[in-house]
Amino acid sequence: MRTLHFGLRVADLGRSLAFYTAVGYEVVGHVPETSLGHLTMLKLPGDEFVTIELVHDPARGEVSSGTGLSHFVIKVESMDATISQLAARGIGAEAPISPDGSDFRTTVVTDPDGNRIELVQWPPGHADGITAADWAQ
């Protein structure tokens with residue numbers, strides 16, 4: 001098995017598309033008028049597959065942040081370059097921190113519906129994601 005993507009409910013599709021494309025996502029396609037609403041499929045450059053499905057149903061109005069989603073994470077190559085690019089596009093980020101004092105750096109940006117997106121810069125040589133090796137002693 002493999003996690004393919006997640007659906008993220010959005011209140012204003014245009015506003016959310018402006019935000020996610022400014023972050024760097026690309027629109028792959030749309031599925032209009034489903035039982036969930038209008039679906040817009042997004043992926044990051046260099047990714048082969050869709051990773052986010054924006055779900056928009058105007059009849060539902062505002063999105064509640066009590067859906068159970070805490071945050072999702074995007075790996076970046078350079079935290080400083082990414083923060084600069086986002087700032088140039090009008091997206092602010094929290095000050096980056098290194099929780100363990102290494103080259104591992106993390107920060108958070110928030111989308112228009114209040115969803116938190118963690119940006120992670122792994123230290124050189126680290127795998128592209130978290131593995132069991134991160135807890136090996």
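Conventions and cut-offs
- Residues numbered from 1 in each chain as written.
- Predicted model: local features only at pLDDT ≥ 70, side-chain atom pairs only at ≥ 80, totals over all residues.
- Heavy atoms only, no water.
- Helix = DSSP H or I, 4+ residues; strand = E, 2+ residues; numbered from the N terminus.
- Buried < 20%, exposed > 50% of the residue type's maximum accessible area, 1.4 Å probe, protein only.
- Pairing = 2+ DSSP bridges.
- Axes fitted to C-alpha atoms, helices over the stretch in contact; angles between N-to-C directions.
- Contact = heavy atoms within 4.5 Å.
- Polar contact = N/O pair within 3.5 Å; in protein donor to acceptor, adjacent residues only side chain to side chain.
- Salt bridge = Lys/Arg side-chain N within 4 Å of Asp/Glu carboxyl O.
- Arc of directions from axis to C-beta.

**Q** Looking at this model, I keep getting lost on unusual backbone geometry. Mind explaining?
**A** Excluding glycine, residues mostly carry a negative phi; peptide bonds, for their part, are mostly trans. The backbone of Glu33 shows a phi angle near 50°, a positive value even though the residue is not glycine. Relative to the helices and strands, Glu33 resides in the loop between strand 2 (26–31) and strand 3 (38–43). Relative accessible area serves as the criterion here: at 79%, Glu33 is assigned to the exposed category.

**Q** Can you help me understand the sheet that holds strand 5 (residues 71–75) in this one?
**A** Sheets are built from strands paired through backbone hydrogen bonds, the pairs being either parallel or antiparallel. Spatially, three strands are ordered 5-7-6 in an open sheet, and the strand pairing comes out mixed. Since the sheet does not close on itself, it has two edges, and those belong to strand 5 and strand 6 (105–110), each with one partner. With direction set aside, neighbouring strand axes in the sheet form an average angle of 25°. Pairing of strand 5 with strand 7 (residues 116–121), which is carried by five bridges, proceeds in the parallel orientation. Its bridge partner being in strand 7, Ile74 is matched across the sheet by Leu119. Relative to the sheet, helix 2 (residues 79–88) contacts strand 6 and strand 7, its axis offset from that of strand 6 by approximately 15°.

**Q** Which parts of the structure should I look at to understand the environment of Lys75?
**A** Mapped onto the elements of the fold, Lys75 is located in strand 5. Classification of Lys75 as partly exposed rests on a relative accessible area of 34%. A C-alpha to C-alpha distance of 7.9 Å links Lys75 and Gly129, two positions 54 residues apart in sequence. Separated by 2.9 Å, the side chains of Lys75 and Glu77 make a polar contact. At a separation of 3.1 Å, a polar atom in the side chain of Lys75 contacts the side chain of Asp128.

**Q** When you look at the pattern of salt bridges in this model, what are you seeing that I'm missing?
**A** Opposite charge on two side chains permits pairing when their charged atoms draw close. Counting across every chain of the model gives six salt bridges. Here Lys43 makes a salt bridge to Glu26, at a shortest N to O gap of 3.3 Å. With Lys43 in strand 3 and Glu26 in strand 2, the pair connects residues that are 17 residues apart, well separated along the chain. Residue class for Lys43 comes out buried when judged on its relative accessible area of 17%.

**Q** I keep staring at the environment of Glu62 and nothing clicks. Help me out?
**A** Here Glu62 is to be found in the loop between strand 4 (52–56) and strand 5. In sequence terms Glu62 and Val76 are 14 residues apart; their C-alpha atoms lie 30 Å from each other.

**Q** What is the right way to look at helix 2 in this model?
**A** Residues spaced three or four apart along an α-helix point in a common direction, a consequence of the helix completing one turn every 3.6 residues. Listing the buried residues of helix 2 in full gives Met79, Thr82 and Leu86. Buried residues of helix 2 fall within an arc of 65° about the axis and therefore sit on the same side. Residues of helix 2 that are exposed and point more than 90 degrees away from the buried face comprise Ala87 and Ala88. Among the structural elements, helix 1 (13–23), strand 6 and strand 7 are those in contact with the buried residues of helix 2. Count one or two residues on from helix 2 and you reach Gly90, which has phi positive near 85°.

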